[in-house]
Amino acid sequence: MGHTDGAPEPSAPRRRRGPQRDAVATQARILEAARQEFAENGLQGARMEAIASRAGCNKALIHHYFQSKDALFAIVLEKNYEAIRTAERNLQLTSREPHEAMRELVGFSFDYVSEHPEFISLINEENLHGGVHVAHSGTARELNSPLVATIEEVLERGVAEGIFRAGVDPVQLYITIASISYFFIANRATLTAIFDLPKTDDVLAARRAHAIDVVLGYLRPDPVAAPPGSPVEAVTPAPKRATAKRTRKPAP
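The following refers to the structure shown. In this convention, every chain numbers its residues from 1, walking through the sequence in written order. A pLDDT threshold of at least 70 governs which residues receive local features in this predicted model, and a stricter bar of 80 or more applies before side-chain atom pairs are shown or counted, although totals over entire chains, interfaces and linings include all residues. Side-chain calculation: all heavy atoms of the structure are included, whereas hydrogens and water are not.

### Description of the nonpolar core
No. 1: Remark: nonpolar core denotes a set of buried residues (Ala, Val, Leu, Ile, Met, Phe, Trp, Tyr, Cys) joined through side-chain atoms within 4.5 Å. For each residue, the accessible area found with a 1.4 Å probe, counting protein chains only, is set against the maximum for its type, and the residue is called buried under 20%, exposed over 50%, and partly exposed in between. Residues Met102, Leu155, Leu173 and Leu219 are the most contacted members of the largest nonpolar core, which totals 38 residues.
No. 2: A run of DSSP states H or I qualifies as a helix once it reaches four residues; a run of E qualifies as a strand once it reaches two. Both are numbered from the N-terminal end. Where this core is concerned, the elements lending two or more residues are helix 4 (69–89), helix 5 (98–115), helix 6 (117–128), helix 8 (138–160), helix 9 (170–186) and helix 11 (201–219).
No. 3: Considering each element in turn, this core owes the most residues, eight residues, to helix 5.
No. 4: Every residue pair with non-hydrogen atoms within 4.5 Å of one another is taken to be in contact. Here methionine 102 is in contact with Val154, Leu155, Phe164, Leu173, Ile177, Val215, Leu216 and Leu219, once residues within four sequence places are set aside.
No. 5: Judged by nonpolar contacts, the second largest core, of 20 residues, contains Ile30, Ala33, Leu43 and Cys57.

This is the structure we're talking about:
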């Protein structure tokens, strides 16, 4: 029978989401729920029931996908590292001038921990447990290798241009950058109380600028060793102050 004017056309059948797509979406919800639960309550304090409630699923499904709470925590840690490493890659440091690249990396590291308190909470929790989950995670180590290679490449270009000192270990440098960024944010409550630092954007910005200056100051080469024509200005040492010789009077 032909189509009658005015009669509604038959609707196309709705596509049902496949089981694989549903599984991926469910696992993503579980991981996000677990990230929040672990960050707030730690590994020991976190409850699988609470994670299931946050994710909108049952506890049996979490065990089906992730086996145990420890295994789930290990994967959350890996995702924690993956998130910051992905954001760092987006900085495209190798396409930047060395000085700008290092300034960008330090500023980014400071901003990331400031804007992601859960990152600090999860790392602190892992350290309380002796780093056992990261130690058994090949993924966590693999995620950090490209960053070290990037820092090494930036340092080498900086040395070649005469704006960075030679002999800087990229791993040690990154640990310093991470430490100088992390410490203030992780301990801001006690630092505020002890040093009377208000929790304002101005204080945060001043600390961020200081972190950048400290790292760039460390990387600055010795003017005596800087190659001719480098942008590092030679600094003439201040003359030593002459000291008058003191004459010892003979004892009476």
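### A look at the packing of aromatic side chains
No. 1: For Phe, Tyr and Trp, where Trp contributes only its six-membered ring, two rings pair if their centres lie within 6.5 Å, and the inter-plane angle classes them as stacked under 30 degrees, edge-to-face over 60, or tilted in between. All chains considered together, the criterion is met by four aromatic pairs.
No. 2: Taken together, a centroid distance of 6.4 Å and an interplanar angle of 65 degrees make the contact between tyrosine 65 and phenylalanine 66 edge-to-face.
No. 3: With relative accessibility at 23%, the residue tyrosine 65 sits in the partly exposed group.
No. 4: Seen in terms of ring centroids, phenylalanine 108 and tyrosine 112 are 5.6 Å apart; in terms of plane orientation they differ by 45 degrees. Their pairing is tilted. One end of the pair, phenylalanine 108, and the other, tyrosine 112, are both in helix 5, four residues apart, so they sit about a helical turn from each other.

### Some thoughts on unusual backbone geometry
No. 1: Even without being a glycine, glutamine 67 presents a positive backbone phi close to 70 degrees.
No. 2: On the secondary structure map, glutamine 67 appears in the loop between helix 3 (59–66) and helix 4.
No. 3: The backbone of aspartate 196 sits at a positive phi, close to 55 degrees, despite the residue not being glycine.
No. 4: Within the element layout of this structure, aspartate 196 appears in the loop between helix 10 (188–195) and helix 11.

### A short note on the side chain of serine 181
No. 1: On the secondary structure map, serine 181 appears in helix 9.
No. 2: With a relative accessible area of 1%, serine 181 lands in the buried category.
No. 3: We call two N or O atoms a polar contact when they sit within 3.5 Å, provided that within protein one can donate a hydrogen and the other can accept it, with sequence-adjacent residues counted only if both atoms are side-chain atoms. A distance of 2.8 Å separates a polar side-chain atom of serine 181 from the backbone oxygen of isoleucine 177.
No. 4: For serine 181, the residues in contact, after removing those within four places along its chain, are Val106, Ser109, Phe110 and Val113.

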